[in-house]
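Listed below, chain by chain, are the residues.
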Amino acid sequence: PVDGDVEITIFNIMGQEVMTLAKSHFCAGRHDVALNGLDKNGGLIDSGTYFLHIRAGEYSTVKKGIILK
């Protein structure tokens, strides 16, 4: 683990960006981020399947997640 810029972006199953969950410089270690249930336009996020694109320095991955209400 090293310090670095981290960006977590959430996309719907159609590939449209729903929101950016985190975009900041983080110190090395474990961190928690919370989803407030609102998209980037201030509307409520619907239940369903979403993809999280996580970038931290040179590391990049996509994870699948489900939002249930």
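The structure under discussion appears in the preceding block.
Below you will find a few notes about this structure. Bear in mind the structure is a predicted one, so any value in this text is a computation, not a measurement. (Residues numbered from 1 in each chain as written. Predicted model: local features only at pLDDT ≥ 70, side-chain atom pairs only at ≥ 80, totals over all residues. Heavy atoms only, no water.)

### Re the side chain of glutamate 7
You can see glutamate 7 is positioned in strand β1 (residues 4-12). A distance of 3.4 Å separates the side chain of glutamate 7 from the side chain of threonine 9, its partner in a polar contact. Look past the residues within four positions of glutamate 7 in its chain and what remains in contact with it is Thr20, Ala22, Lys23, His53, Ile54 and Arg55. (Helix = DSSP H or I, 4+ residues; strand = E, 2+ residues; numbered from the N terminus. Polar contact = N/O pair within 3.5 Å; in protein donor to acceptor, adjacent residues only side chain to side chain. Contact = heavy atoms within 4.5 Å.)

### Some thoughts on the side chain of threonine 61
For threonine 61, the location among the structural elements is in strand β4 (residues 59-67). If we ignore the near neighbours within four places in the chain, the residues touching threonine 61 are Leu52, His53 and Ile54.

### Some remarks on the sheet that holds β4
Read from one edge to the other, the open sheet built from four strands follows the order β2-β1-β3-β4, with strand pairing classed as antiparallel. Edge positions in the open sheet fall to β2 (17-26) and β4, since each of these has one partner strand only. Across this sheet, the average inter-strand angle for adjacent strands is 15°, counted without regard to direction. Across seven bridges, β1 lies against strand β3 (residues 48-56) in antiparallel orientation. Bridging from a neighbouring strand, asparagine 12 pairs with tyrosine 50 of β3. (Pairing = 2+ DSSP bridges. Axes fitted to C-alpha atoms, helices over the stretch in contact; angles between N-to-C directions.)

### Here's the deal with the nonpolar core
Grouped together as the largest cluster of nonpolar side chains are six residues: Ile10, Val18, Met19, Ile45, Tyr50 and Ile67. Beyond its immediate chain neighbours, meaning those up to four positions away, isoleucine 10 contacts Gln16, Glu17, Val18, Met19, Leu21, Leu35, Tyr50, Phe51 and Leu52. (Core = buried A, V, L, I, M, F, W, Y, C linked by side-chain atoms within 4.5 Å. Buried < 20%, exposed > 50% of the residue type's maximum accessible area, 1.4 Å probe, protein only.)

### A few points about the environment of phenylalanine 26
Along the chain, phenylalanine 26 turns up in strand β2. Overall, phenylalanine 26 belongs to the buried group, its relative accessible area being 18%. Taking the C-alpha atoms as reference points, phenylalanine 26 and proline 1, separated by 25 residues in sequence, lie 11 Å from one another. Look past the residues within four positions of phenylalanine 26 in its chain and what remains in contact with it is Asp3, Gly4, Val6 and His31.

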